[in-house]
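Residue-level structural notes
The residues making up each chain are set out below.
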Amino acid sequence: MRLLDVETLQLSEFFDSSVPPYVILSHTWDKDETSFQEIRSDHSTLKGKAGFEKIKGACKIAQSDGFKYIWIDTCCIDKTSSAELSEAINSMFRWYKDAYVCYVFLSDVHTASGPKDHDSQFRLSRWFMRGWTLQELLAPRSLIFYTSFWEELGTKCDLQGLIEEITKIPSGVVEGWRPMTTYNYSIAQKMSWAASRSTTREEDRAYSLMGIFNVNMPMLYGEGRSAFRRLQEEIMKRGDDQSLFAWKLSQDQQREFGWAEPYHLTGLLAPDPCAFAESGSVISLATPDGEGFRTTNVAGGGIMLSLPLVPSPYEEETDAGLSYVALYCCDISGGHSLSRLGIQVEDFLPNFINYRVNAEILRSVEIPRPVQRQMLHFMASPGRDFDLEDRRDQRIWVDSLERKGFRIERTVPKLSLRDGNFTIHDIQQMDIRVLALRYLGEGGRSFVLFIRIRGGTVLAKPFQDVLWEDEFDRWGFLAKYDKLSSQMTERSRWYSEDSTWGVDVAIKRRLVDGERCICVCLEIIDGPRTKRQ
């Protein structure tokens, strides 16, 4: 690491054990910051620049405290080198932790009086709202706040109660006597500390948290929101704290991400730290052997979970084919209840990728006894973001067979059918993947049409009738579909057991009522099956 000599303002480079005692500066960036290239040039050209005056002020304080070296991010890193920048960002938490003292320069706090007042400049300082300053608050052993005139405001130990009030971070973490281990604080809790903070670059939302979670990863500026997904994937490699999945987004937040409402399909991983804003009281529960998670190498990344599936207590959700996965974490904000938190998912199908739906919902669930666990394979995050324009005209139109004496007697999941022809809207984000339609006709004729819907692709095939009782295990029934999935095509034909009649199915693209639809066209074949058929 490079350190700045507080007397000569010259840079020196040190490695590992040769690093001398040093202090470190924490601040928010403003205009006219002094760069690595400028600090190595003629200092006379820097006079009057706010960034250079800040450096001289910090060096003066360090010198008065008896230190020879200081580290300042603006001038001690050559940001023109991507390799050096990546190394510095991955090392920054350790550098702040190893510093003897951290000086916090608050450029928007101009008086040292009354920091605890309700509307004090200290409370409103943007230093408490920036992403990078979170680790700069938590990592150092000793930290002193200063005004814009380098007047001392107090140490973080002196102000720990006020800092907890401002940041919602427990004072034990701020003071450093309670380590940030998963045993003490869950992933969700630590994410909540960053939920309301902002960074100039979107990727820094993730990069600024690497030290908090003790992970390292390469910097890929330009990757956007994928940086936060990579961060969560690295976190998963270091433990099985399922509070990582205990997040939610309001409908307004979902719209900001371009998500559809209310049943947008998403993965288990959050798109941004803001999703953990209400997770500050979510604690992790011990995970029994065999019920943790493991990552897989499916396209886009996958997560295997063995967890209880809990039926929804709400009829409208049950009818829509929705249930809950009970995570090994709970919310203690409402008291001392240890009821596990559940996220809403589609009905379970083995060997298929599962998605979370309705990211607005994260609620405590009661697990029925005996516990029924299922192995679920979730996407870590969606393969791509769907927007409303993509889905505006994506519908399924199912042909009528009333002219042939057939009617739809039942659907799984349950749908409200007004007539023989019906339309399913928004297939890109719909809350079901498998639709089973039972057709009944004259003379005891019957068959079941299975329709597979996934990401805009529609396949279908008729099969032998299945008898459904009024009450049955819908999960078990739809699981049987897994054996038939390999037979799904865009065009298929089925004949009755006595070969006296059959059904022809074709998937076509047509205009229906002036709008583009994917049509499931059915035709009854009367007469015996021929050899050519």
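Residues numbered from 1 in each chain as written. Predicted model: local features only at pLDDT ≥ 70, side-chain atom pairs only at ≥ 80, totals over all residues. Heavy atoms only, no water.

Some thoughts on the overall build of the protein
If you tally the helices and strands in the protein, you get 15 helices and 26 strands. Counting all 533 residues of the protein, 56% fall into the buried class. Total accessible area computed for the protein in this model is approximately 24600 Å², and 47% of it derives from carbon and sulfur atoms. (Helix = DSSP H or I, 4+ residues; strand = E, 2+ residues; numbered from the N terminus. Buried < 20%, exposed > 50% of the residue type's maximum accessible area, 1.4 Å probe, protein only. Areas by Shrake-Rupley, 256 points an atom, 1.4 Å probe, with all protein chains shown as cover.)

Some thoughts on the sheet that holds strand β4 (residues 69-71)
The sheet built from 7 strands is open, its strands ordered β2-β1-β4-β3-β5-β6-β7 with mixed pairing. Edge positions in the sheet fall to β2 (11-13) and β7 (152-155), since each of these pairs with one other strand and no more. Mean inter-strand twist for the sheet, computed between neighbouring axes without regard to direction, equals 30 degrees. Direction of pairing for strand β6 (residues 143-146) relative to β7: antiparallel, over a ladder of 3 bridges. Opposite Y146, over in β7, you have E152 as the bridge partner. (Pairing = 2+ DSSP bridges. Axes fitted to C-alpha atoms, helices over the stretch in contact; angles between N-to-C directions.)

Regarding unusual backbone geometry
A positive phi angle, close to 65 degrees, is found at D32, a residue other than glycine. Among the residues examined, D32 registers a relative accessible area of 48% and is labelled partly exposed. Positive phi is not limited to glycine here, since S499 has a value of about 60 degrees.

Re the confidence of the model for the protein
A low pLDDT means the predicted coordinates there should not be read in detail. Chain-level statistics for the protein give a pLDDT mean of 83 and a share of 80% at 70 or above. Across residues 383-393, where pLDDT falls below 50, the model places 15 contacts with residues more than four positions away in sequence or in other chains. Predicted confidence is poor over residues 426-432, with pLDDT under 50, and the contacts of this stretch with residues over four places away or in other chains come to 35 contacts. (pLDDT = per-residue confidence, 0-100. Contact = heavy atoms within 4.5 Å.)

Topic: the environment of L362
Relative to the assigned elements, L362 resides in strand β16 (residues 362-364). Its relative accessible area of 16% is what places L362 among the buried residues. The spacing of L362 and A246 is 116 residues in sequence and 7.0 Å in space, taken between C-alpha atoms. Look past the residues within four positions of L362 in its chain and what remains in contact with it is A246, W247, K248, L341, G342, I343 and R356.

Topic: the side chain of R230
If you trace the backbone, R230 turns up in helix α11 (residues 226-236). At a separation of 2.8 Å, a polar atom in the side chain of R230 contacts the main-chain carbonyl oxygen of P218. If we skip the residues at most four places from it in the chain, R230 touches Y207, M217, P218, L220 and E223. (Polar contact = N/O pair within 3.5 Å; in protein donor to acceptor, adjacent residues only side chain to side chain.)

Focus on the environment of L159
Mapping L159 onto the fold places it in the loop between β7 and α7 (160-167). Residue class for L159 comes out buried when judged on its relative accessible area of 4%. In the structure, L159 is positioned 43 residues away from K116 in sequence and 8.6 Å away in space, judged by C-alpha atoms. Not counting chain neighbours up to four residues away, the residues in contact with L159 comprise K116, F122, F145, L153 and G154.

Quick word on the environment of L376
Looking at where L376 falls in the secondary structure, it is placed in strand β17 (residues 373-379). What makes L376 buried here is its relative accessible area of 0%. Through-space distance from the C-alpha of L376 to that of L305 is 5.2 Å; in sequence the pair is 71 residues apart.

Brief notes about helix α4 (residues 82-98)
Here α4 is 17 residues long and its end C-alpha atoms lie 24 Å apart, about the 24 Å a rise of 1.5 Å per residue gives. The sharpest bend along α4 measures roughly 50 degrees and falls at S91. Those residues of α4 that sit buried are E84, S86, A88, I89, S91, M92, F93, W95 and Y96. (Expected span 1.5 Å × (residues − 1). Bend = angle between axes of the 7 residues up to and from the residue.)

Some remarks on the nonpolar core
In terms of nonpolar packing, the biggest core is built from 110 residues, with L4, I70, W71, Y103, F145, M191 and L231 touching the most fellow members. Formed by 22 residues, the second largest nonpolar core is a distinct cluster that contains L401, I408, I518 and I524. (Core = buried A, V, L, I, M, F, W, Y, C linked by side-chain atoms within 4.5 Å.)

Description of the packing of aromatic side chains
Overall, the coordinates contain 21 aromatic pairs when judged by the stated rule. Ring geometry for F122 against F128: centres 5.2 Å apart, planes inclined by 75 degrees, an arrangement best described as edge-to-face. For the pair formed by F122 and F128, the shared burial category is buried. Ring pairing ties together the aromatic residues F406, Y439, F447, W494 and W501, which thus form one cluster. (Phe/Tyr/Trp six-rings, centres within 6.5 Å; stacked < 30°, edge-to-face > 60°.)

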